Amino acid sequence: MPPLLEVRNLRTEFRTGAGLVRAVDGISYTVDPGETVAVVGESGSGKSVGALSILRLIPNPPGRIVGGEVIFNGHDLMQLSEADMREVRGGEIGMVFQEPMTSLNPVLSIGRQITEMVEQHRGGDRATAQARAVELLGLVGIADPERRLKQYPHQLSGGMRQRVMIAIALACEPKLIIADEPTTALDVTIQAQILELMQSLTRRLGVALIVITHNLGIVARYAHRVNVMYAGRIVESGSAAAIYHSPHHPYTMALLKSVPRLDRPRQARLDPIEGSPPDLTRLGRGCSFRPRCRFAIEKCAEAAPPLEAVGEQGQLAACFRSHEVSLETERAA
Amino acid sequence: MTALDAGATPLVEVRGLKMHFPITEGIVARRKIGEVKAVDGVDLTIRRGETLGLVGESGCGKTTMGRCILRLEKPTEGAILYDGIDIAGLDRRSLVALRRRIQVIFQDPYSSLNPRQKVGSILSEPMKVHGIEPDATKRAERVRELLTTCGLNPNFADRYPHEMSGGQRQRVGIARALAVDPEFIVCDEAVSALDVSIQAQIINLLEDLREKFNLTYLFIAHDLSVVRHLCQRVAVMYLGHVVELAECDEVFDNPLHPYTKALLAAVPVPDPTVEADRSFQPLPGEVPSPINPPAGCVFHPRCPIAVAECQLAPPELRELRPGHWVACTQVN
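The structure presented is a predicted model; accordingly, all values stated were derived computationally and were not measured. (Residues numbered from 1 in each chain as written. Chains lettered and ligands numbered in written order. Predicted model: local features only at pLDDT ≥ 70, side-chain atom pairs only at ≥ 80, totals over all residues.)

Draft legend 1. Looking closely at the overall build of chain A. Helix and strand counts for chain A stand at 13 helices and twelve strands. The C-alpha radius of gyration computed for chain A amounts to 21 Å, which stays within 12% of the reference 20 Å derived for 333 residues, consistent with globular compactness. Judged by the C-alpha coordinates and their principal axes, chain A covers about 65 × 50 × 45 Å. Looking at chain A as a whole, 50% of its 333 residues are labelled buried. Taking as baseline every contact in chain A between residues at least 6 positions apart, the subset at least 24 positions apart corresponds to 64%. (Helix = DSSP H or I, 4+ residues; strand = E, 2+ residues; numbered from the N terminus. Rg over C-alpha atoms; globule rule 2.2 N^0.38 Å. Buried ≥ 20, exposed ≤ 12 C-beta atoms within 10 Å, placed from the backbone. Contact = placed C-beta atoms within 7 Å.)

Draft legend 2. How the structure looks around the overall build of chain B. Assigned secondary structure in chain B consists of eleven helices and twelve strands. The C-alpha radius of gyration of chain B comes to 21 Å, within 12% of the 20 Å expected for a compact globule of 332 residues. Overall, the C-alpha framework of chain B stretches about 70 × 60 × 45 Å when taken along its three principal axes. Burial analysis of chain B (332 residues in total) assigns 45% to the buried set.

Draft legend 3. Highlighting the interface of chain A and chain B. On the side of chain B, 37 residues touch chain A, which itself brings 36 residues to the contact. Where the side of chain A that touches chain B is concerned, the elements lending two or more residues are α8 (188–205), α9 (216–222), α10 (240–245) and α11 (250–258) of chain A. Here the residues of the side of chain A that touches chain B sort into 18 nonpolar, ten polar and eight charged. (Nonpolar A, V, L, I, M, F, W, Y, C, P; charged D, E, K, R; others polar.)

Draft legend 4. A look at the sheet that holds strand β9 (residues 233–238) of chain B. All names here are of chain B. With mixed pairing, eight strands are arranged side by side in an open sheet as β6-β7-β8-β3-β9-β10-β12-β11. With one partner strand each, in any of the chains shown, β6 (102–105) and β11 (318–321) form the two edges of the open sheet. The sheet shows a mean angle of 20 degrees between the axes of neighbouring strands, direction not considered. As defined by bridge partners, β6 adjoins strand β7 (residues 184–188) across four bridges and the pair is classed as parallel. Directly across from Q103, in β7, lies its bridge partner I185. Helix α6 (residues 166–178) rests against β6 and β7 of the sheet, and its axis sits at about 175 degrees to β6. Seen against the sheet, helix α10 (residues 258–266) touches β9 and β10 (241–247) and runs at an angle of roughly 100 degrees to β9. (Pairing = 2+ DSSP bridges. Axes fitted to C-alpha atoms, helices over the stretch in contact; angles between N-to-C directions.)

Draft legend 5. Focus on the nonpolar core. Residues A167(A), L176(A), I210(A), C187(B), L218(B), F219(B) and V236(B) are the most contacted members of the largest nonpolar core, which totals 199 residues. In terms of residue count, helix α7 (residues 158–170) of chain A provides more of this core than any other element does, eight residues in total. Contacts of L176(A), omitting those with residues within four sequence positions, involve L4(A), L5(A), V31(A), I93(A), V207(A), A208(A) and I210(A). (Core = buried A, V, L, I, M, F, W, Y, C linked by C-beta atoms within 7 Å.)

Draft legend 6. Representation of the packing of helix α4 (residues 119–129) of chain B against helix α5 (residues 136–149) of chain B within the structure. All names here are of chain B. The geometry of α4 relative to α5 is characterised by a closest axis approach of 10 Å and an angle of 115 degrees between their N-to-C directions. On the basis of the axis angle, α4 is roughly perpendicular to α5. Like other packed secondary-structure pairs, α4 and α5 cross with a definite hand, here right-handed. Listed contacts from α5 to G120, L123, S124 and M127 of α4 are R139, A140, R142, V143 and L146. A per-class count over the contact of α4 with α5 returns five nonpolar, two polar and two charged. (Parallel < 35°, antiparallel > 145°, perpendicular 65-115°, else oblique. Left-handed = near helix turned anticlockwise from the far one by under 90°.)

Draft legend 7. Looking closely at α10(B). Those residues of α10(B) that fall on the buried side of the exposure criterion are P258(B), Y259(B), T260(B), A262(B), L263(B) and A266(B). Looking at the buried positions of α10(B), the neighbouring elements they touch are α8 of chain A together with α8 (224–230), β9, β10 and α9 (248–253) of chain B.

Draft legend 8. The arrangement of the pairing of strand β3 (residues 36–40) of chain A in detail. All names here are of chain A. Counting buried positions over the five residues of β3 gives five, a clear majority of the element. Neither face of β3 is exposed, since T36, A38 and V40 on one face and V37 and V39 on the opposite face are all buried. Bridge count for β3 against strand β8 (residues 208–213) is five bridges, and the pairing is parallel. In the sheet register, V37 faces β8, and the bridge partner there is I210. Sheet analysis places β3 next to strand β9 (residues 225–230), joined by four bridges and oriented parallel. Along β9, the bridge assignment pairs V40 with V228.

Draft legend 9. How the structure looks around the domain arrangement of chain A. All names here are of chain A. Along its sequence, chain A is organised into domain 1 (5–223) and domain 2 (249–332). The distance between the C-alpha centroids of domain 1 and domain 2 comes to 30 Å. Taken together, the contacts link ten residues of domain 1 with five residues of domain 2. Broken down by element, the residue count for the side of domain 1 that touches domain 2 peaks at five residues, all from strand β2 (residues 19–31). Classifying every residue of the side of domain 1 that touches domain 2 by side-chain character gives five nonpolar, three polar and two charged. (Domains from an automatic or database assignment.)

Draft legend 10. Molecular detail of the sheet that holds strand β7 (residues 176–180) of chain A. Spatial ordering of the open sheet is given by β6-β7-β8-β3-β9-β10-β12-β11 (chain A), a layout of eight strands whose pairing is mixed. Two strands bound the open sheet, and with one partner strand each, they are β6 (93–96) and β11 (308–309) of chain A.

Draft legend 11. Up close: unusual backbone geometry. Residue and element names in this part refer to chain A. Put simply, N60 and P61 share a cis peptide bond, and its omega is -15 degrees. Mapped onto the fold, P61 is located in the loop between α1 (47–54) and β4 (63–72). Cis geometry marks the peptide bond from P61 to P62; its omega dihedral reads 10 degrees. Within the secondary structure layout, P62 lies in the loop between α1 and β4. Positive phi is not limited to glycine here, since N73 has a value of about 55 degrees. Locating N73 in the fold gives a position in the loop between β4 and β5 (75–76). When the 13 C-beta atoms within 10 Å are taken as the criterion, N73 is described as partly exposed.

Draft legend 12. Region of the structure containing the packing of helix α4 (residues 110–122) of chain A against α7(A). Residue and element names in this part refer to chain A. One can describe the packing of α4 onto α7 by two numbers: an axis separation of 9 Å at closest approach and a directional angle of 20 degrees. By the angle class used here, α4 and α7 are roughly parallel. Along this stretch, α4 crosses α7, giving a crossing that reads as right-handed. Contacts between α4 and α7 pair I110, Q113, I114 and M117 from the former with V164, A167 and I168 from the latter.

Draft legend 13. Structural detail: the confidence of the model for chain B. Counting all residues, the mean pLDDT for chain B is 91, and 98% of those residues have values of 70 or more. Model confidence for the complex: the whole-complex pTM is 0.88, and ipTM, which rates the interface, is 0.84. (pLDDT = per-residue confidence, 0-100.)

Draft legend 14. Representation of the pairing of β6(A) in the model. Residue and element names in this part refer to chain A. Where burial is concerned, the two faces of β6 agree: the one with I93 and M95 and the one with G94 and V96 are both buried. Two strands pair when backbone bridges link them, and β6 and β7 are joined in this way by four bridges, in the parallel orientation. Its bridge partner being in β7, I93 is matched across the sheet by L176.

Following this line, the structure appears as structure tokens:
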């Protein structure tokens, strides 16, 4: 079965006052139908820009998609006309953003925002769209949908707004939903509600999901496959189990070690990653994790390591010393 | 301070603390039309040298608790004994002396540092206010020393906040709190805004400083994993009340209050194998408004084990195990 989405060597740049930033610097990955793929990374790693680039939602200027292909359903999204692209956004690919208060229109009722979506992509009359809106709100677990449809975003709580966002994303029965930090702004118990809802709906409706997050716990609970990003590149990719139990990239390993765990008594001091993420305007030609990496050797300064197959089937890592990294994990276990 | 009397006299003792914020209407004649019961009857002690974690979701009153103890708010009711003296009603003058002993580290290192002040000036200001190191040269020296203590290059004294990263700014915020040589620091979501790799650095720094300067922390946070790592005891708050209080590992390994249980189950663990074996039912509903909180136990509308009597009277905090306090009538 061909993948639903195939990103090939995608590159996005921003012109800033400080210089050219390669926010996404040649990323490639696939998403299968119905699969949940997580993209993890810290601020500035390019995880959001990478997702927005798929939908061609990069503001230009200052940003520009400079290369690569995004094959969705057999078409390269990069080659589509702006009109066709509008059909894809919200039609075949739904979106859920982090901040539901800023991504919903404050002066339109919830109902209008959902029916607008349905009318735009499906046509049909207002009554049909209205009926669909009621159905969608029920689907995302909002009680009393008829009354809620008349309300405005400010009358809803954060969790409720995110449910509305999910309803809008699902409105046109998309095959893929891109969720950019969908629960970061929410409290823990509401976060759990929203994530469980997204998981059960994507399973039931067979929708694939790309979830962008910095929370390693969410990834472990919900993702089938994981892409770890650092400084605009994917540094490691594989099944959730492989990434967590047998990391082959020093950044992945260090990241997992640096988080305190809820399910374990306090052991010793945390093992942080020293230093700070690199300045993206001043990346050299070597591996961008090198200054913080204790595995680094001279070779790492000369060229950026390519993403290559390692360990378990399907796992990829961009490190010249991935073998040594995995040996160390094995020894520790 | 010896270990012996450390247990005897708590550094902070909060008794029956209430903080109600009025909601008013009208521009000329302001009428009170209601109140937000942010903190509604909390008893809490903080021992010398410990880190007490205060956890809960937004709106539970944890930040307001911290602000009351710092006396940034004047509590509506109740007492806050700091080292035996009730500070709840102190006037502005007497508070100045108190603030040399109590300091705060805020969440957002972007908005809590003055963008027009150089780091050196940010750090020397508290010393000027409290008359520490009146000599400018010595003050500059102490600024360099503080920066080094907090893991920054002493030359950062000449920088502006915008020239630094988030982690570096938070180190400046910590150095500022240390400038007056305090004994007690309220950390209000001090690591929440930071990226994972930087967060671990700051957590380690806070631990080192606690040991080096014999500090006591009130660590307010919503990230339970961080709290488990850093704290000795934990108080869980819900809608203005403390619902559970115990030694840290006891709260995490053996939670008794249904809210604490739900909260812990909701946090995903960074391990797919552990997660695959964990089944959980998310807590239904949302936190009610603190303007009109539910009668009786404030948690009863969402509680999986609530019975009719829970709606009648608010449950008292009871010591069910040694040192393990729970406000629920249905657990034993």
